[in-house]
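Read off the chains here:
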Amino acid sequence: MHDEQTTLSRRERRAHAEKQKKRSRLPALPFFLTLGILTVIAWLLPLRPTVSEKEKRMLEPFPAFTLAGAADGSYFSDIGLWFSDTFPGRDGWIQAAQSLERLYGDSSVAVYGTASAGDKIPVPASPTPQPAAAPEADTAFGQTSAPEAATPELTPMPEPTATPEPAWEGENPDDELVTLGAVIQIGDSAYTYTSFSQYYTEVYAANITRAADLLEGKCRVFDVFVLHGTTLMLPRDYRESIGVACEEDILAYLNSQMGENVHCVDTFNSLLPHNGEYIYFRTDHHWTALGAWYAYAEWAKVAGFEPVPLSEYEEIVQEPFYGSLYYQAHQSGALKADAVYGYVPPGDVHLYINQENNDSLDYRGYEQTLITQIRGNDKYMCFLTGDFPLCTFVNNDITDGSACLLVKNSNGNPFGYYLTQHYQYVYVMDYRKYFSRSLTKFVDYYDVDDVIFCLSSGQAQSGGGNSLLSGLIK
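How each quantity is defined
Residues numbered from 1 in each chain as written. Predicted model: local features only at pLDDT ≥ 70, side-chain atom pairs only at ≥ 80, totals over all residues. Heavy atoms only, no water. Buried < 20%, exposed > 50% of the residue type's maximum accessible area, 1.4 Å probe, protein only. Helix = DSSP H or I, 4+ residues; strand = E, 2+ residues; numbered from the N terminus. Contact = heavy atoms within 4.5 Å. Pairing = 2+ DSSP bridges. Core = buried A, V, L, I, M, F, W, Y, C linked by side-chain atoms within 4.5 Å. Axes fitted to C-alpha atoms, helices over the stretch in contact; angles between N-to-C directions. Parallel < 35°, antiparallel > 145°, perpendicular 65-115°, else oblique. Left-handed = near helix turned anticlockwise from the far one by under 90°. Nonpolar A, V, L, I, M, F, W, Y, C, P; charged D, E, K, R; others polar. Phe/Tyr/Trp six-rings, centres within 6.5 Å; stacked < 30°, edge-to-face > 60°. Lys NZ or Arg CZ within 6 Å of the ring centre and 35° of its normal. Salt bridge = Lys/Arg side-chain N within 4 Å of Asp/Glu carboxyl O.

Draft legend 1. Geometry of helix H8 (residues 247–257). For H8, the full list of buried residues reads Glu-247, Glu-248, Ile-250, Leu-251, Tyr-253, Leu-254 and Asn-255. Structurally, H8 contributes buried residues whose contacts are with helix H5 (198–214), strand S6 (220–226), helix H6 (229–233), helix H7 (236–241), strand S7 (262–265) and helix H13 (457–460).

Following this line, the structure appears as structure tokens:
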């Protein structure tokens, strides 16, 4: 009897154990089935992305097979790199991870990368501004039906004055932040870690001075030195506390090194009163079209023109936009997306894009919409559709033959639109890509009245930027 009970008990226990095994397999089945399906999907080439719009780069291609690569193992390593870089839904997974990061820790202030403030900025002697002379009378052209004169009197640039720093209206930076970085994230915005090179600043001043001296008697030369958002949007005492270079001091020193034929535009005091407005992007190193307009308004005063208010332009808004600082900040989920505002100039204005380096009066390139609708993320390309060797604005409402040349990097792209209200022809040259004519030959060929340099602080203080300028200015 006892044996039968023992045997029955063992049978029951064995049956119970089998049931438990079956039950434990059931939840695992969907998991392994899903894993298998995802593995198959992951290896399907058509489903794998080839470009990351968020990172603005081409992803790793599938490697070509070679016997040498198979022998040394590099072929299989390249497959692994391709596999990890092009997983289906890659950008979505990255965004999900960033959203998860926001659930823990304090990300109100963060620093990405390392950088140096560079040289100590010398204190310049107070420069004596020189009034700009109008071009010679024989450079005037034909009719003068436009309200703007081709050769206006210039207003001397006032000496820099001490302007109270605006209060920081965003999230308060951490006073104990000691790590220095290439990009500083404060709240929902990112800022460039600014630096100073005395050597290249002096080289840049010498380049612009040489241009003005070469063109003396032919046309006027202006310098519009584009500052970073860091300088305008963050209080000076905070910038000094973390060791970034104060670009208002760089601007003052630069202007003190310019020759008397250069007409400098104060891009600091003209923008500072407006730093509560949307004058710089939160996720990009460029100024907005509004910031460029305030610099244009200051240039117009120096050049003797009446600035045309933005209310006379047609506003076009495109969003969302994630710029260069967003990617340098590791696509931080704390950063807020930008919107790009473009302004269509009033009047019968046309834009022509010349992608070639064989410009001539007979060929200006193909006509392009003034403000381009951009489908992808890089909506800053709505200005001039990007960076090309030469672009030409033609305002058919002005018939006096007046012309200016804007020598720029990408910061000058929105700036050029405002010049259309004062010249019949506005030539926009990207000095990094244009190699057809020297500056003096360009001025002579196109009968240019004014040359305006509009370069960013970083480009002006770089060896590469100055090397290209030196090659142009002949």
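Draft legend 2. Here's a closer look at the pairing of strand S10 (residues 349–354). For S10 and strand S12 (residues 390–395), the ladder comprises six bridges, and the chain directions are antiparallel. If you follow Asn-354 over to S12, its bridge partner there is Leu-390. Inspection of the sheet shows S10 paired to strand S11 (residues 366–368) by three bridges, in the antiparallel sense. Looking at the pairing, Ile-353 lines up with Tyr-366 of S11.

Draft legend 3. How the structure looks around the environment of Val-308. In this fold, Val-308 is placed in the loop between helix H9 (289–303) and strand S8 (314–321). In this structure, the C-alpha to C-alpha distance between Val-308 and Pro-346, residues 38 residues apart in sequence, is 9.5 Å. In contact with Val-308, other than residues within four places in its own chain, are Trp-293, Tyr-296, Tyr-313, Gln-421 and His-422.

Draft legend 4. Summary view of the nonpolar core. Counting 106 residues, the largest nonpolar core has Tyr-204, Trp-287, Trp-299, Phe-415, Leu-439, Val-451 and Phe-453 as the members making the most contacts within it. In this structure Tyr-204 touches Asp-223, Phe-225, Leu-254, Met-258, Phe-453, Leu-455, Ala-460, Asn-466 and Leu-469, once residues within four positions along its chain are discounted. Judged by nonpolar contacts, the second largest core, of seven residues, contains Ala-190, Tyr-326, Tyr-327 and Ala-329.

Draft legend 5. Expanded view of the sheet that holds strand S15 (residues 450–456). Read across the sheet, eight strands follow the order S7-S6-S15-S13-S14-S12-S10-S11 without closing on themselves; strand pairing throughout is mixed. Strands with a single pairing partner mark the edges of an open sheet, and in this sheet they are S7 and S11. Averaged over all neighbouring strand pairs, the angle between strand axes comes to 25°, with direction disregarded.

Draft legend 6. Structural view of the packing of H5 against helix H14 (residues 463–472). Where H5 contacts H14, the axes come no closer than 10 Å and their chain directions differ by 20°. Relative to H14, the element H5 is oriented roughly parallel. The handedness of the crossing between H5 and H14 comes out as left-handed. Between H5, through Tyr-200, Val-203, Tyr-204, Asn-207, Ile-208 and Arg-210, and H14, the contact on the second element is made entirely by Gly-463, Asn-466, Leu-469 and Ser-470. Split into classes, the residues belonging to the contact of H5 with H14 amount to five nonpolar, four polar and one charged.

Draft legend 7. Molecular detail of the packing of aromatic side chains. Considering all chains together, one arrives at 27 aromatic pairs under this definition. When the centroid spacing of 4.5 Å and the interplanar angle of 50° are considered together, the rings of Tyr-427 and Tyr-446 count as tilted. Placement of Tyr-427 in strand S14 (residues 425–430) and of Tyr-446 in helix H12 (residues 439–446) is noted, with a sequence separation of 19 residues between them. Following the ring pairs from residue to residue traces out a cluster consisting of Phe-222, Trp-293, Tyr-294, Tyr-296, Trp-299, Phe-305, Tyr-313, Tyr-418 and Tyr-423. Here Arg-437 stacks its cationic end above the ring of Tyr-445, 3.8 Å away from the centre of that ring.

Draft legend 8. How the structure looks around unusual backbone geometry. The omega torsion of the bond from Glu-319 to Pro-320 falls at 0°, within 30 degrees of zero and hence cis. Along the chain, Pro-320 falls in strand S8. A positive phi angle, near 60°, is found at His-330, a position not held by glycine. Mapped onto the fold, His-330 is located in the loop between helix H10 (324–328) and strand S9 (338–344).

Draft legend 9. Focus on the pattern of salt bridges. Scanning the entire structure with this criterion turns up 12 salt bridges. The partner of Arg-236 in a salt bridge is Glu-240, with the nearest N and O atoms 2.9 Å apart. You can see Arg-236 and its partner Glu-240 sitting in helix H7, four residues apart, about one turn around the helix. A single network of salt bridges, built from pairs that share partners, joins Arg-236, Arg-239, Glu-240, Glu-248 and Asp-249.

Draft legend 10. Quick look at the pairing of S6. Across the seven residues of S6, seven count as buried, placing the element largely inside the fold. Taking every second residue as pointing to the same face, both faces of S6 are buried, with Arg-220, Phe-222, Val-224 and Val-226 on one and Val-221, Asp-223 and Phe-225 on the other. Direction of pairing for S6 relative to S15: parallel, over a ladder of seven bridges. Bridge pairing in S15 links Val-221 to Val-451. Examined bridge by bridge, S6 and S7 share four bridges and lie parallel to one another. Among the inter-strand pairings, Phe-222 is bridged to a residue of S7, identified as His-263.

Draft legend 11. Seen up close, the packing of H5 against H8. Two elements in contact, H5 and H8, have axes whose closest approach is 9 Å; the angle formed by their N-to-C orientations is 45°. As judged from the angle between their axes, H5 and H8 are oblique. As for the relative orientation of H5 and H8, their crossing is right-handed in sense. Between H5 and H8, the contacting residues are Gln-198, Thr-201, Glu-202, Tyr-204, Ala-205 and Thr-209 on the first element and Tyr-253, Leu-254 and Gln-257 on the second. In terms of residue class, the contact of H5 with H8 is made up of four nonpolar, four polar and one charged.

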